[in-house]
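Close look at the chain arrangement
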Amino acid sequence: MHMNTKKLTVMSLFLGLSLIIFIVEAQLPPIVPFPGVKPGLANIVVLMTLYIYGRREALAVLVLRIVLGCVFTGNFAGFIYSISGGAVSLTVMSMAAVFLKENRMWVVSVMGAIGHNAGQIAAAVIVMRTPQIMWYLPVLVISAVITGAFTGTAAQLSLRRLRKTGIL
Amino acid sequence: MSEFKKNAAWAAAFAGLIALSALVMLIHKAVNGEAKTAQIALNGQIVRTVKLEANCEPYEFTVDTPWGKNSIRVENGRIGVVWADCPDKLCADRGFIDSADESIVCLPHKLVITVSGSSSLDAVTGG
């Protein structure tokens, strides 16, 4: 991973930004009475990092955000679910980003959100040893399409604005 | 293909995925909508099974897990967590469940409540 001062600064800012978004989102009351259904706004920053720098940089922001997020929210029970969801999500998004350019980031985001929820369900099935939890997947797929399209569009518009400023 | 058409094609594909998911949910609900029991599992082991009958006297009991406590209420063919000493209370917020393979999950206490009927699908899927 090639690193210079500017890139280090931008990535640090992005890590801080995603951490703040994650913590604020964790404080919001649930919108719908389904556990596991949440906006996933922190992924906006990871997706932007993926398109600005690449998959390794996005992985760095994602993993550090998850670890620090557990520390700051005190919710270590959620670590295994965050990390497995995040790993599947970023793998799916990295592969999709090869074919889909910046004007289709929302599509990549939806795929990543579905991957995230599938990864979490898989982790829950293994940890709880209760395969019936898989019947919850359709609910999470529906929510992933909606929230993924929303966060992806947010990332896409933010990145377009950011490129116009000439900062990047 | 124009920019708009490409986005529309993807949107259509995702709408199809939503429809498919909804269909799976509906079919699953239709197949399993029979006489029901609720299983309470701790860390994957079923610790208690209760019948969910439409006109039974409501009752509550508490499950002591090594990680904390959950108060569970059974009433009118449905089951729910009414109180828990876990930090997020997601299990209590979930409310009551009454149909097959709905579940209440309390991650901090490794507690899972599932509802199932005695349908053939359960035998096939080993549920």
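Just so we're clear, the structure is a prediction, and the values are computed from it rather than from any experiment. (Residues numbered from 1 in each chain as written. Chains lettered and ligands numbered in written order. Predicted model: local features only at pLDDT ≥ 70, side-chain atom pairs only at ≥ 80, totals over all residues. Heavy atoms only, no water.)

1. With respect to the interface of chain A and chain B
Counting from both sides, the interface comprises 23 residues of chain A and, opposite them, 24 residues of chain B. Surface buried jointly by chain A and chain B totals about 2,500 Å² across both partners, of which 72% is contributed by carbon and sulfur atoms. Considering only the side of chain A, the residues that lose the most area to chain B are Arg104(A), Met128(A) and Trp135(A), jointly responsible for 25% of the buried surface there. If you look at where chain A meets chain B, you find 1 salt bridge. The salt bridge involving Arg104(A) is made with Glu3(B); its shortest N-O contact spans 3.4 Å. Going through the elements one at a time, helix 5 (105-128) and helix 6 (137-165) of chain A are the ones with two or more residues in the side of chain A that touches chain B. The element contributing the most residues to the side of chain A that touches chain B is helix 5 of chain A, with 7 residues. A per-class count over the side of chain A that touches chain B returns 18 nonpolar, 3 polar and 2 charged. (Contact = heavy atoms within 4.5 Å. Buried area = accessible area lost by both parts, 1.4 Å probe. Salt bridge = Lys/Arg side-chain N within 4 Å of Asp/Glu carboxyl O. Helix = DSSP H or I, 4+ residues; strand = E, 2+ residues; numbered from the N terminus. Nonpolar A, V, L, I, M, F, W, Y, C, P; charged D, E, K, R; others polar.)

2. A word on the pairing of strand 2 (residues 45-52) of chain B
Relative to strand 2 of chain B, strand 1 (residues 36-42) of chain B runs antiparallel, the two being bridged by 7 bridges. Its bridge partner being in strand 2 of chain B, Lys36(B) is matched across the sheet by Leu52(B). (Pairing = 2+ DSSP bridges.)

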